[in-house]
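Coordinate analysis (summary)
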Amino acid sequence: MKLGVVGLPNVGKSTLFNAITNAGAECANYPFCTIEPNVGVVPVPDERLEVLGKLYDTKKITHAVLEFVDIAGLVKGASAGEGLGNKFLSHIREVDAIVHVVRCFEDENVTHVESSVDPLRDIETINLELVFSDMDSVKKRLDKAEKYVKTGEKKYLEEAELLRRMDAHLAEGKPVRTLSMNEKEKEMCDSFFLLTSKPVIYCANISENDIGKPQNKHVLAVKNFADSEKAGVIEICAKVEAELSELAPEDKLMFTEELGLTESGLDRIVSAGYKLLGLISYLTAGEKECRAWTITEGTKAPQAAGKIHTDFERGFIRAEVVTYEDLVALGGYNQAKEKGKVRSEGKDYVVKDGDVVLFRFNV
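Fair warning: this is a prediction, and the values are worked out from it, not measured in the lab.

Let us look at the environment of Cys203. Relative to the helices and strands, Cys203 resides in strand S6 (residues 200–205). Here the alpha-carbon distance between Cys203 and Gly12, two residues 191 residues apart in the chain, equals 9.9 Å. Apart from residues no more than four positions distant in its own chain, Cys203 is found in contact with Leu16, Val99, His100, Val101, Val102, Ile234, Ile236 and Ile269.

The next subject is the pattern of salt bridges. A full pass over the atoms with the stated rule returns 23 salt bridges. Among the charged side chains, a salt-bridge network with shared partners connects Asp46, Arg48 and Asp353.

For the rest of this paragraph, the subject is the pairing of strand S1 (residues 2–6). The buried fraction of S1 amounts to four of the five residues, a majority that puts the element mostly inside the structure. Where S1 and strand S4 (residues 65–70) come together, four bridges link them in parallel fashion. Across the sheet, residue Val5 finds its bridge partner in S4, namely Asp70. The pairing of S1 with strand S5 (residues 97–103) spans four bridges and is parallel. Within the sheet, the bridge partner assigned to Leu3 lies in S5 and is Ala97.

Before going further, it helps to spend a moment on the sheet that holds S4. Hydrogen bonding along the main chain pairs the strands of a sheet, whether they run parallel or antiparallel. The six strands lie next to each other as S2-S4-S1-S5-S6-S7, forming an open sheet whose pairing is mixed. Two strands in the sheet have a free side with no partner beyond their single neighbour: strand S2 (39–43) and strand S7 (232–236). Within the sheet, the average angular offset between the axes of one strand and its neighbour, ignoring direction, is 25 degrees. Sitting on the sheet, helix H7 (residues 217–228) is in contact with S5, S6 and S7, with an inclination near 165 degrees to S7.

The next point concerns helix H8 (residues 238–245). Think of an α-helix as turning once every 3.6 residues; residues three or four places apart then point the same way. With respect to burial, H8 is a largely interior element, six of its eight residues being buried. Along H8, the residues that are buried comprise Ala238, Val240, Glu241, Ala242, Leu244 and Ser245.

Looking now at the packing of H8 against helix H9 (residues 249–258). Across the interface, H8 lies against H9 with an axial gap of 9 Å and an inter-helix angle of 150 degrees. Classified by the angle their axes make, H8 and H9 are roughly antiparallel. Facing Glu243, Leu244 and Ser245 of H8, the residues of H9 in contact are Lys252, Phe255 and Thr256. Split into classes, the residues belonging to the contact of H8 with H9 amount to two nonpolar, two polar and two charged.

Moving on, we come to the confidence of the model for the protein. Caution applies to low-pLDDT regions: their predicted coordinates should not be interpreted in detail. Counting all residues, the mean pLDDT for the protein is 86, and 89% of those residues have values of 70 or more. The model gives residues 23–37 a pLDDT under 50, and that stretch makes 28 contacts with residues more than four places away or in other chains.

Glancing now at the side chain of Asp134. Examined against the element boundaries, Asp134 turns out to sit in helix H4 (residues 119–149). Despite its burial, Asp134 remains without a salt bridge, the nearest opposite charge being carried by Arg93 at 4.6 Å. At a separation of 2.9 Å, a polar atom in the side chain of Asp134 contacts the main-chain amide nitrogen of Leu195.

With that out of the way, let us pick up the environment of Ala319. Note that Ala319 resides in strand S10 (residues 316–323). Distance in space between the C-alpha atoms of Ala319 and Val342 is 9.8 Å, their sequence separation being 23 residues. Each residue touching Ala319, except ones within four places of it in the same chain, is listed here: Ala301, Arg343, Ser344, Glu345, Val357, Leu358 and Phe359.

A few words now on the side chain of Asp355. Structurally, Asp355 can be placed in strand S12 (residues 355–361). Here Asp355 occupies a buried position and makes no salt bridge, while the nearest side chain of opposite charge, Arg343, is found at 4.6 Å. A distance of 2.7 Å separates a polar atom in the side chain of Asp355 from a polar atom in the side chain of Tyr349. Excluding its chain neighbours within four sequence positions, the residues that come into contact with Asp355 are Tyr282, Leu283, Val321, Val322 and Tyr349.

Most often, soluble globular proteins have nonpolar side chains that are buried together. Judged by nonpolar contacts, the single largest core of 66 residues is most densely connected at Leu3, Leu16, Leu66, Phe68, Tyr202 and Ile269. Apart from residues no more than four positions distant in its own chain, Phe68 is found in contact with Leu3, Val5, Phe17, Ile20, Asn38, Val39, Gly40, Val42, Val99, Ile269 and Val270. In this structure, Val131, Leu142, Ala145 and Phe192 belong to the second largest nonpolar core, which totals 17 residues.

As a further point, take the packing of aromatic side chains. Inspection of every chain in the model, using the stated rule, returns five aromatic pairs. Where Tyr282 meets Phe359, the ring centres are 5.8 Å apart and the plane angle is 85 degrees; that geometry is what we call edge-to-face. Within this pair, whereas Tyr282 is found in strand S8 (residues 279–284), its partner Phe359 is found in strand S12, the two being separated by 77 residues in sequence. With a relative accessible area of 0%, Tyr282 lands in the buried category. Here Phe359 falls in the buried class, since its relative accessible area comes to 7%.

Residue placement: Val200 occurs in strand S6. The sequence separation of Val200 and Val233 amounts to 33 residues, and the corresponding C-alpha distance is 8.4 Å. Residues within four places of Val200 in sequence aside, it is in contact with Ile98, His100, Arg177, Ala231, Gly232 and Leu276.

It is worth spelling out the pairing of S5 at this point. Strand residues, when the strand is regular, have side chains that alternate between the two faces of the sheet. Buried residues dominate S5, accounting for seven of its seven residues. The two faces of S5 match: Ala97, Val99, Val101 and Arg103 on one face and Ile98, His100 and Val102 on the other face are all buried. Note that S5 and S6 share six bridges and pair parallel. For Val101, the partnering residue across the bridge sits in S6 and is Cys203.

So, how was this worked out
- Residues numbered from 1 in each chain as written.
- Predicted model: local features only at pLDDT ≥ 70, side-chain atom pairs only at ≥ 80, totals over all residues.
- Heavy atoms only, no water.
- Helix = DSSP H or I, 4+ residues; strand = E, 2+ residues; numbered from the N terminus.
- Contact = heavy atoms within 4.5 Å.
- Salt bridge = Lys/Arg side-chain N within 4 Å of Asp/Glu carboxyl O.
- Buried < 20%, exposed > 50% of the residue type's maximum accessible area, 1.4 Å probe, protein only.
- Pairing = 2+ DSSP bridges.
- Axes fitted to C-alpha atoms, helices over the stretch in contact; angles between N-to-C directions.
- Parallel < 35°, antiparallel > 145°, perpendicular 65-115°, else oblique.
- Nonpolar A, V, L, I, M, F, W, Y, C, P; charged D, E, K, R; others polar.
- pLDDT = per-residue confidence, 0-100.
- Lys, Arg positive; Asp, Glu negative; His and termini not counted.
- Polar contact = N/O pair within 3.5 Å; in protein donor to acceptor, adjacent residues only side chain to side chain.
- Core = buried A, V, L, I, M, F, W, Y, C linked by side-chain atoms within 4.5 Å.
- Phe/Tyr/Trp six-rings, centres within 6.5 Å; stacked < 30°, edge-to-face > 60°.

Written as structure tokens, this is what we have:
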């Protein structure tokens with residue numbers, strides 16, 4: 001799953017991305033690897049794995065991961081090919097969600113491209129470029145759909161109707177993600193690969209001096225905007241995150257506590273991204289490895305098993321399931337089984353976050 005980091009120049013986007021990649025590089029549980037110069041793989045924080053690791057005296061712990069893509073090159077007119085234009089937009093099209101970094105700090109030493117700090121203006125600049133691009137995509141698709149409407153087939157009638165609604169919504173400067181749609185329409189929308197249909201986390205980038213203080217006027221403006229379109233919002237200090245990412249784990253913990261933070265902003269972004277994409281983790285545990293497996297909420301047991309190996313799904317017999325809480329409280333799998341806490345589940349079982357699962361299969 002990929003999250004694209006976007007933002008105007010000098011808002012702290014590159015600083016934040018560097019913090020993300022450094023943190024990945026220094027994580028012992030999942031070493032950072034550079035797939036491309038602008039892509040970083042980051043572990044999803046999950047304390048349950050550490051607990052299971054100690055319980056099983058495991059040799060290896062493997063976290064679930066998210067990919068972050070540093071998307072550069074946005075300027076006004078990107079939708080018309082200005083700057084990196086189409087390259088920028090194609091990078092966004094490939095991600096599952098957007099992390100939109102917005103400058104919410106005053107600093108006369110850091111020049112803003114618009115010469116003043118105004119997060120709502122900055123958000124609008126990027127959002128409008130995405131809207132303009134989607135308007136072009138929707139119009140082309142609508143022209144094609146209307147040709148097939150003449151056949152009278154229901155699917156073309158429904159598609160044309162949805163595209164007309166999208167066209168009108170975009171014409172008002174509104175992203176497609178704020179358009180009310182039923183489940184069938186959402187499925188159709190997913191097949192259109194529109195930029196403004198992607199979920200967003202707004203990252204309000206504050207100064208060191210604002211950490212632990214009441215939200216400043218810029219952060220409040222971003223929060224109110226995010227609430228209006230039901231988007232996520234996180235307050236971070238990219239400069240501090242970059243400093244934290246270079247520290248040893250024990251120093252990082254001490255520094256975080258000194259700042260009065262329960263967890264780093266990076267951890268909050270990763271966790272929020274995981275939640276935003278509707279993802280959960282089920283766990284497998286043993287002496288060889290304790291591991292979190294990423295699945296979409298609502299996934300049934302055979303498909304969850306397929307995440308480990310296709311043979312597990314193809315030859316699925318049953319899943320032996322115990323909750324993480326019961327397993328830890330009772331001190332192990334055998335003890336949980338003796339107490340009747342290990343359940344045998346079939347093909348229709350929907351795997352839940354924190355399930356510790358042993359799959360039985362035959363091929």
